[in-house]
Amino acid sequence: MFGNFFKTAIRNIFRHKSYVIINIFGLAVGIACSLLILLFIRHELGYDTFNEKYDRIYRIVLDGKIGETDIRGAFTPAPLAGTLLSDYPEVEYAIRMEKWNEVLIRIDDRKFVEENILFADSSFFDIFSIPLIRGNPKKALAEPYRVVLTESQAYKYFGNENPIGKHLRINSDTMLYSISGVMKDIPENSHFEGTMLVSFLSHWRAKEEFWLSNSFATYIVLKESASPEELEKKFPAMVEKYVGPQVIQILNIDLEQFVASGNRYGFFLQPLSDIHLNPGIQQDFKPPTDRKYIFIFSIVSLFIIIVAGINYMNLSTARSVNRSREVGMRKVAGSPRHLLIGQFLLESVLLCIIALIFAVLLVEIMLPFYNNLLQLNLSMPYFSQWYIIPGLILIAFLVGLFSGSYPAFFLASFKPVSVLYGKLKMGLSGVHIRSMLVIFQFIITIALILSSFIVYRQINFMVNKDLGFEKEMQFVIRRTDALKNSIVSFRQELEKIPGVISSTNSTAIPGYPNNHNGFLMEGQTADKTYMMQVNWTDYDYLKTYGIELKDGRYFSDDFSSDTLAIVINETAVQEFGLTDPFSTRFIEPAQEGDQRNLFNVIGVISNFHNQSLRERIYPQAYILKPEEWGWTGYITIRTAPENMHNTIKEIEKTWGRFTQNEPLEYFFLDDNIRKFYFEEIRTSRIAVGFSILAIVIACLGLFGLTSFATELRSREIGIRKVMGSSVNRIITLFARETVILIFIAAIPAWILSYFLMKRWLMNFHFHINLQPWEFIAAFLISLLIALITIGYRTYRAAVVNPAEVLKYE
């Protein structure tokens, strides 16, 4: 019986080829889009969620407030990991990690500049499930000057040779580092990335006992019986025991006074599963994906499937006239209603399974373009994960049930007497339901188009906004330690190059600020701390970056006292309530026995955007870079746009002379600032791409409905032409209803988009305002595309010779 049931379903599916092609293509595109989005979501959720201990792994997060500045970040002091292991039996493993960039690796006479070098304690492989191919995971990082390479890095350095026991040097360190292991490459969707692990015991701060310098990421694994909530309750006592005495040394007040004045200093546990989707916690590793983007992409995926399913519903109910007699005859022959419903649902599910096959082919065709668009390396793991194939079949099954549910109940509801006596409205049954479905389709379509407009405008605003400094043609050199103590001489030589306008050396540059430092203010109580982003610069920083001096002056070699001078920004003046900033002196806290520096304010600079436009402008301080620091920070070279290629060549030659031809690492500042908005740019690309596909699917449905309507009303069209109607009038007749439906759809689409996009824009401290023309443009684009689709098919029907249609009448 089931065999006949199945054969009948297959025969019914392929009875009308044009209908089948439109439905399969629409469903295939919808399923393919959803699969691509689900691939992206799976990537963003992260590799770490597959760690066998992941529900027991936590990262320690600093929760602090000093002055008006809140800090919530994965930054902890060096002694924390050891203290957790020794003082708290709930903790099974604890490690510290830190990432270094622009690291010079020397292997014999070969030199490499590497990113993402990770320092980690020896329990790294007990916490993270990254397999070690060569070496002993218990011993690989257990001693100083030990290195574990990733598989690809080992091949880069040594080819197919066994690297165990070989040596390399790091930066200017004279010690040889021994390669003690080779591990699998860290998965792309892990929350950190690295090309090698270096034993943390090699780090110059490995034995540091200072609790007020938070620079490292600390991870722990709790024992199976341990409660994270109970451990967190013990953290305040730990802070009192270890941090309290050092607060007294630095600020001359106890921890209780420090907290009573509005400050905060503590730690809490962040589950590993939360790291990937919590941008509210700062970190030095990969920036996490915002949960809202996962939500947005999930909704887009669902919407596209709904649009494709509505197409199927509309076309199935529109062609109900072709199946009404079949339904009537089967009911007369005794077929029960539930069997008819099952028959139609089976047809829908089978059609979706066929569409799934084409969807998989589309995914494979589209993946290279999709990866290029998102700058990822996604692939569909059909056989590497057991749940992929069943999951795909389940998707097809659910889409089939959703798409086929309304048509199945609608067709099964026909009364045999009405059908067999010709009293059924031919092809127009359920017109109101179909109209509602078309409206819903265009609500989604207009909302996607409008959202794409707004996202694109916000990105354009961020990339092109005047940031308050010159970002174009800024050639920034990293890894200045190669110059040792020759930075001043190097800059003097640079300025002899015709294309170089000016240059500066600083510990921070726009977009790459230093951490916040706390200062006291002369005349204020010791429990009042003022937090500022501090940048140590030379004399030419403002000149090179074109930053406006609002009042006073900047550093000058004419004033020897400038070694104890400070320049602040307008935000610092406003937030600290400085009525006369030039009579203000800031005090730099110091450990007991160290000298405290007092800095006189000599200038106020105009506010400029030192970070992404997501952030507000924080209080900033500029201090003259001490000569003994020599090589630290960045060198920024402001260049002329003419003959840029020759200018770069001359800079490279000068660098080579000063560094014995070490690799020159540089970037252009405007390019890197654009990278800050990678997540938003990627979101806009996805939104635009899938908006276009949603429009295509919706138009397929309109095309199918119009084709069917013109086929049913072909005699009416012929009679109208004989009676003198023009082609334009006939097109207008068919388009009128759709135009009305799109008008109706525009209102809820506008309201939905307004509230969603208004909320999205609130994530940016600086953002655009919504404009009426965007709402009108989204509506007009949808209307134009719909009219083109309907007009083309109606025109084809309207130009047919009436004699061909009416010759048998």
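Before reading further, recall that the structure is shown in the block above.
Residues numbered from 1 in each chain as written. Predicted model: local features only at pLDDT ≥ 70, side-chain atom pairs only at ≥ 80, totals over all residues. Heavy atoms only, no water.

Undergrad: Tell me about the packing of aromatic side chains, and name the residues and values.
TA: In the structure shown here, the tally under the stated rule is 34 aromatic pairs. Each ring, one from Phe 124 and one from Phe 128, has its centre 5.3 Å from the other, and the planes form 45°; the classification is tilted. A residue is classified by how much of its surface remains accessible, and Phe 124, at 0% relative accessible area, is buried. On the basis of relative accessible area, Phe 128 is assigned to the buried category, the value being 2%. Through a chain of ring-to-ring contacts, three or more aromatic side chains come together here, namely Phe 124, Phe 125, Phe 128, Phe 192, Tyr 219 and Phe 285. A cation over a ring is seen here: Lys 465 above Phe 766, with NZ or CZ 5.9 Å from the ring centre. (Phe/Tyr/Trp six-rings, centres within 6.5 Å; stacked < 30°, edge-to-face > 60°. Buried < 20%, exposed > 50% of the residue type's maximum accessible area, 1.4 Å probe, protein only. Lys NZ or Arg CZ within 6 Å of the ring centre and 35° of its normal.)

Undergrad: Go over unusual backbone geometry, please, and point to the residues and values.
TA: The phi dihedral of Asp 108 falls on the positive side, at around 55°, and the residue is not glycine. Counting through the fold element by element, Asp 108 comes out in the loop between strand 4 (103-107) and strand 5 (110-114). Phi is positive for Met 473, close to 60°, though the residue is something other than glycine. Note that Met 473 resides in the loop between helix 16 (431-464) and strand 14 (474-477). We classify Met 473 as partly exposed; its relative accessible area is 24%. (Helix = DSSP H or I, 4+ residues; strand = E, 2+ residues; numbered from the N terminus.)

Undergrad: Just give me the short version of the side chain of Thr 529, but keep the residues and values in it.
TA: For Thr 529, the location among the structural elements is in the loop between strand 16 (516-521) and strand 17 (530-537). You can call Thr 529 buried: its relative accessible area is 6%. Filtering out sequence-adjacent residues up to four positions away, Thr 529 remains in contact with Ile 66, Gly 67, Leu 251, Asn 263, Gly 518, Phe 519 and Leu 520. (Contact = heavy atoms within 4.5 Å.)

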